[in-house]
Every structure is written in C-alpha cells, then in structure tokens.
Amino acid sequence: MLHRLLQLHHELDRLIAALPPAIGLLALRLALAIPFWRSGLTKWDGWFSLSSGARYLFEQEFKLHIFGQALAYPFPLTAAFLAGLGELVLPVLLVLGLGTRLAALGILGMTLVIQLTIPDGLLNFHLPWAAMALGLMAYGGGLLSLDALAAAAWTRPVAARQG
C-alpha cells in the first residue's frame, strides 16, 4: 500500500514537473502587472495630468514610515507622477516580457516604497509582490516573452541575419 502511494506520488510529481516553466513565468508576469496597472489608471485624468485624488494622497495622506516616524513625501507631486508613470509602463513591459528583469526590479523598488508608505500591507500585498518580482528578476520572462524572442534573434549567426 505504501509502495503504491509513493509510486502515485512520484508519477504525479513527474507530470507536474513536465509543465513548461514559461507558463509559470507568464502567470507571474501577469499576476504582478495587474495590480500595478489598475493602480496606475487611478492616478491620471488624461495624458500626463495627475488626478486630483493622486495629488491629494501624495501631498496630504501618504507618509514614509521610517524609524518610527511618519515623514512627508519629499517632492510629493514628482513622486506621484513617477509612481503613476511606473505603474503604467512597468506592467506593460512585464506583460510583453520586454526588459522583464529590469521591469521587475522597478516594481520591487516601488513595492519597497509602498511598504514604507503603507506598512500594514506587508503580508497581504507587498510580500507576494516582492516575491513575484524577485522570481522574475532571477528567472527572466521565460520563453513566452519578447526577451526570449530578442535573445533568439540576437544569437543567430551573423550570416543568417544578413541572408
């Protein structure tokens, strides 16, 4: 009986391990991109025009919680503009798998600032976002990405590119 259970476990493990890593990496890219994209959409009223809500939050509400103190954001409108821009550009890069490692690094940096701003979000939001970003930084976008397509085109022999 135990031998049969171990055999079944081994067979299931083998089947799961056959899942292409590219699918998991695509899922990570999408899962990390969506919350940032949705947040970024709330920061704009038009092309490069910050919403009144974003202005208010960054000027009045958001504080950096550092060493037990709540400090106002330095240059709050610049921070809001950069956050809004990053929350739209970086998710697009992640979904496309273009510059995946750098986009994930940018998202990780934003996540760290968000953690300093909203410390209560660590377990539900910030830790999973950081883990996903670190995974993408370590493994890249996978085969289902423009990074992989560009790498394949770049590594072809020169004669094949000229032909």
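Scroll up to find the structure.
Asker: Where do I start with the packing of helix 2 (residues 21-41) against helix 4 (residues 76-96) in this structure?
Answerer: For any two helices packed against each other, one specifies the inter-axial angle together with the distance between the axes. Look at helix 2 against helix 4: their axes get within 8 Å of each other, and the N-to-C directions meet at 155°. In terms of their interaxial angle, helix 2 and helix 4 are classed as roughly antiparallel. In terms of crossing hand, the pair formed by helix 2 and helix 4 is left-handed. Listed contacts from helix 4 to Arg29, Leu30, Leu32, Ala33, Phe36, Trp37, Ser39, Gly40 and Leu41 of helix 2 are Gly84, Glu87, Leu88, Pro91, Val92, Leu94, Val95 and Leu96. Of the residues assigned to the contact of helix 2 with helix 4, the class counts are 12 nonpolar, three polar and two charged.

Asker: Would you mind going over the nonpolar core with me for this structure?
Answerer: For soluble globular proteins, the rule of thumb is that nonpolar side chains tend to be buried together. One finds Leu32, Phe36, Leu94, Ile107, Trp129 and Leu136 to be the most contacted residues of the largest nonpolar core, which totals 17 residues. The set of elements that each furnish at least two residues to this core consists of helix 2, helix 4, helix 5 (100-117) and helix 6 (122-139). Dropping the residues within four chain positions of it, Ile107 is found in contact with Leu32, Phe36, Leu90 and Leu94. The next biggest cluster of nonpolar side chains, apart from the first, holds 10 residues, and it includes Ala54, Phe58, Leu64 and Leu88.

Asker: Hey, could you run me through the pairing of strand 3 (residues 63-66) in this one?
Answerer: In regular strands, side chains alternate between the two faces of the sheet. In the sheet, strand 3 pairs with strand 4 (residues 69-72) via four bridges, with the strands oriented antiparallel. In the sheet register, His65 faces strand 4, and the bridge partner there is Ala70. Linking strand 3 to strand 4, which pair antiparallel, is a turn of two residues; within it Phe67 sits at a positive phi near 50°.

Asker: Is there a simple way to think about the environment of His65 in this case?
Answerer: Mapped onto the elements of the fold, His65 is located in strand 3. Apart from residues no more than four positions distant in its own chain, His65 is found in contact with Ala70, Leu116, Thr117 and Pro119. In this structure the side chain of His65 is engaged in a polar contact, spanning 3.4 Å, whose partner is the backbone oxygen of Thr117.

Conventions adopted
- Residues numbered from 1 in each chain as written.
- Predicted model: local features only at pLDDT ≥ 70, side-chain atom pairs only at ≥ 80, totals over all residues.
- Heavy atoms only, no water.
- Axes fitted to C-alpha atoms, helices over the stretch in contact; angles between N-to-C directions.
- Helix = DSSP H or I, 4+ residues; strand = E, 2+ residues; numbered from the N terminus.
- Parallel < 35°, antiparallel > 145°, perpendicular 65-115°, else oblique.
- Left-handed = near helix turned anticlockwise from the far one by under 90°.
- Contact = heavy atoms within 4.5 Å.
- Nonpolar A, V, L, I, M, F, W, Y, C, P; charged D, E, K, R; others polar.
- Core = buried A, V, L, I, M, F, W, Y, C linked by side-chain atoms within 4.5 Å.
- Buried < 20%, exposed > 50% of the residue type's maximum accessible area, 1.4 Å probe, protein only.
- Pairing = 2+ DSSP bridges.
- Polar contact = N/O pair within 3.5 Å; in protein donor to acceptor, adjacent residues only side chain to side chain.

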